[in-house]
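Examining the three-dimensional arrangement
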Amino acid sequence: MYSPVLYPNNAQIELFSRLSPVLGVNPRVTSYADDFGVCSLDILHCTDAMDAGVSFYGTLGLMGHDLKGGCYEIVMGGYERFPQIEAIVASCAFFVMRDKWDCSLGNVFESVISMYYPEAPMKHVMFYYPYLWHNRLASLQVLGTPIKVMLGIPISQSELEYKRRHGLSALEDLFDRAGIDIFDINRKPVVK
């Protein structure tokens, strides 16, 4: 059952009912507000049904802040030993809501991970298709509105520089060959 701290609107309730069964089990919702008192947002937290050591987090209501490319929601996963992933997702959402940052395919929110884990090799969040769920989020609609769900993937500074030089497809190829663990912000970068 949806039980955020704040009263949810109909879109948030429908999004919760569509997103939570895809992301995992034992859903719970936490409300976040930015440091400036300008924005607030609910974040869904689900445990991965296949691995209790992994959690998924998703925004509930970012879609209310229409961007040039449409309506978006952000999801991201991480090992339970990284509890601040939830706050990282909230921070990404606040940058979209307050500062109009673009969370579409291939865009990177720089230094967001570093705000919470300054020693981690992964520093930034890059947005990608939610491939983990085999197109189950590709045609998501809430109250008749199409929603683009973007998966946040942690990347290092060297990987960001590689993407800038060679493009998203080249970085994808490196990630595929290396079989990166997108849940581990302490993984070794695939680019030195």
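Keep in mind the model is a prediction, meaning the values are calculated, not measured.

For the rest of this paragraph, the subject is the pattern of salt bridges. Applying the stated criterion across every chain yields a total of six salt bridges. Arg98 serves as the salt-bridge partner of Asp34, at 2.8 Å between the closest nitrogen and oxygen. Of this pair, Asp34 sits in the loop between β1 (25-33) and β2 (40-47) while Arg98 sits in helix α2 (residues 85-99), placing them 64 residues apart in sequence. By relative accessible area, which is 25% here, Arg98 ends up partly exposed. Among the salt bridges present, the one from Asp99 reaches Arg98, with a minimum N-O distance of 3.3 Å. According to the relative accessible area criterion, Asp99 is partly exposed, its value standing at 36%. Residues joined by salt bridges that share partners form a network here, namely Asp34, Arg98 and Asp99.

For helix α4 (residues 157-166), the set of buried residues is Ser158, Glu159, Leu160, Tyr162 and Lys163. Contact partners of the buried residues in α4: β5 (108-109), β6 (122-128), β8 (145-156) and α5 (168-178). Count one or two residues on from α4 and you reach Gly167, which has phi positive near 95°.

Further remarks concern the packing of aromatic side chains. One pass over the structure, following the stated rule, counts nine aromatic pairs. Where Tyr128 meets Tyr131, the ring centres are 6.0 Å apart and the plane angle is 75°; that geometry is what we call edge-to-face. Residue class for Tyr131 comes out partly exposed when judged on its relative accessible area of 40%. Among the aromatic residues, those joined into a ring-pair cluster are Phe56, Tyr79, Trp133 and Phe183.

On to the environment of Tyr128. As for its position among the elements, Tyr128 is in strand β6. Its relative accessible area of 13% is what places Tyr128 among the buried residues. Sequence separation of Tyr128 and Ser104 is 24 residues, and the distance between their C-alpha atoms is 7.6 Å. Setting aside residues no more than four positions away along its own chain, Tyr128 makes contact with Leu105, Val149, Met150, Leu151, Ile153 and Glu172.

The next subject is unusual backbone geometry. Look at Lys100: it is not a glycine, yet its phi comes out positive at around 60°. For Lys100, the location among the structural elements is in the loop between α2 and β5. Residue Lys100 is classed as exposed on the basis of its relative accessible area of 55%. For Asn135, which is not a glycine, the phi torsion comes out positive at approximately 70°. Positionally, Asn135 belongs in the loop between β6 and β7 (141-142). On the basis of relative accessible area, Asn135 is assigned to the exposed category, the value being 64%.

This paragraph deals with the pairing of β2. Across the eight residues of β2, seven count as buried, placing the element largely inside the fold. Here β1 pairs with β2 via seven bridges, running antiparallel. Bridging from a neighbouring strand, Arg28 pairs with His45 of β2. Turn length for the β1-β2 hairpin, with the two strands adjacent in sequence and antiparallel, is six residues, and the turn residue Gly37 shows positive phi of about 70°. Summarising the sheet, β2 and strand β3 (residues 54-60) pair through six bridges and their orientation is antiparallel. In the sheet register, Cys46 faces β3, and the bridge partner there is Phe56. Connecting β2 to the antiparallel partner β3 that follows it, the hairpin turn spans six residues.

Inspection of the secondary structure assignment puts Asp42 in strand β2. No salt bridge forms around the buried Asp42; measuring N to O, its nearest opposite-charge neighbour Arg28 is 12 Å away. Of the polar contacts made by the side chain of Asp42, one reaches the side chain of Ser31; its length is 2.5 Å.

Thresholds, definitions, all that
Residues numbered from 1 in each chain as written. Predicted model: local features only at pLDDT ≥ 70, side-chain atom pairs only at ≥ 80, totals over all residues. Heavy atoms only, no water. Salt bridge = Lys/Arg side-chain N within 4 Å of Asp/Glu carboxyl O. Helix = DSSP H or I, 4+ residues; strand = E, 2+ residues; numbered from the N terminus. Buried < 20%, exposed > 50% of the residue type's maximum accessible area, 1.4 Å probe, protein only. Contact = heavy atoms within 4.5 Å. Phe/Tyr/Trp six-rings, centres within 6.5 Å; stacked < 30°, edge-to-face > 60°. Pairing = 2+ DSSP bridges. Lys, Arg positive; Asp, Glu negative; His and termini not counted. Polar contact = N/O pair within 3.5 Å; in protein donor to acceptor, adjacent residues only side chain to side chain.

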